[in-house]
Amino acid sequence: MIAIKADAAEGRDPAIAACYAAMPGDDMNLLSLPWWCLPTALFVLSLATVLGINRWRFHRNGASQHLVLGMFVSACWIAAMVVILQRVQ
């Protein structure tokens, strides 16, 4: 209500302000995606990188179970932080 009064006091048209706010490409807020997108992407990309490097450089199939577990736990922590930041925002 206060924001509406402030906009009215300054003579801004709310329809024009809404159009500018809704323009695509202006905001790069990763928290606007579903909460699971960022952690999943980070986990999958890092796992693909590790598997690719192991195959290309060391000629091995697979990766260390400790490394995969560490990446999974890191993705879980990132997911928790994204959910917390979404709730705070």
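Residues numbered from 1 in each chain as written. Predicted model: local features only at pLDDT ≥ 70, side-chain atom pairs only at ≥ 80, totals over all residues. Heavy atoms only, no water.

Caption draft 1: How the structure looks around the side chain of Asn-54. When you line up the elements, Asn-54 lands in helix H3 (residues 37–57). Owing to a relative accessible area of 9%, Asn-54 belongs among the buried residues under this scheme. When neighbours within four sequence positions are excluded, Asn-54 is seen to be in contact with His-59, Arg-60, Gly-62 and Ala-63. (Helix = DSSP H or I, 4+ residues; strand = E, 2+ residues; numbered from the N terminus. Buried < 20%, exposed > 50% of the residue type's maximum accessible area, 1.4 Å probe, protein only. Contact = heavy atoms within 4.5 Å.)

Caption draft 2: Local environment of the environment of Val-83. Residue placement: Val-83 occurs in helix H4 (residues 65–88). The class for Val-83 is partly exposed, based on a relative accessible area of 26%. Along the primary structure Val-83 and Pro-34 are separated by 49 residues, whereas in three dimensions their C-alpha atoms are 9.5 Å apart.

Caption draft 3: Region of interest: H3. Taking 1.5 Å per residue, 21 residues should reach 30 Å; H3 reaches 29 Å between its end C-alpha atoms and fits that length. Regarding H3, the residues found buried are Pro-39, Phe-43, Val-50 and Asn-54. One side of H3 holds all its buried residues, which, seen down the axis, span an arc of 40°. Turned more than 90 degrees away from the buried face of H3 sit Leu-45 and Trp-56, all of them exposed. Against H4 lie the buried residues of H3. Backbone geometry just after H3 places His-59 at a positive phi near 55°. (Expected span 1.5 Å × (residues − 1). Arc of directions from axis to C-beta.)

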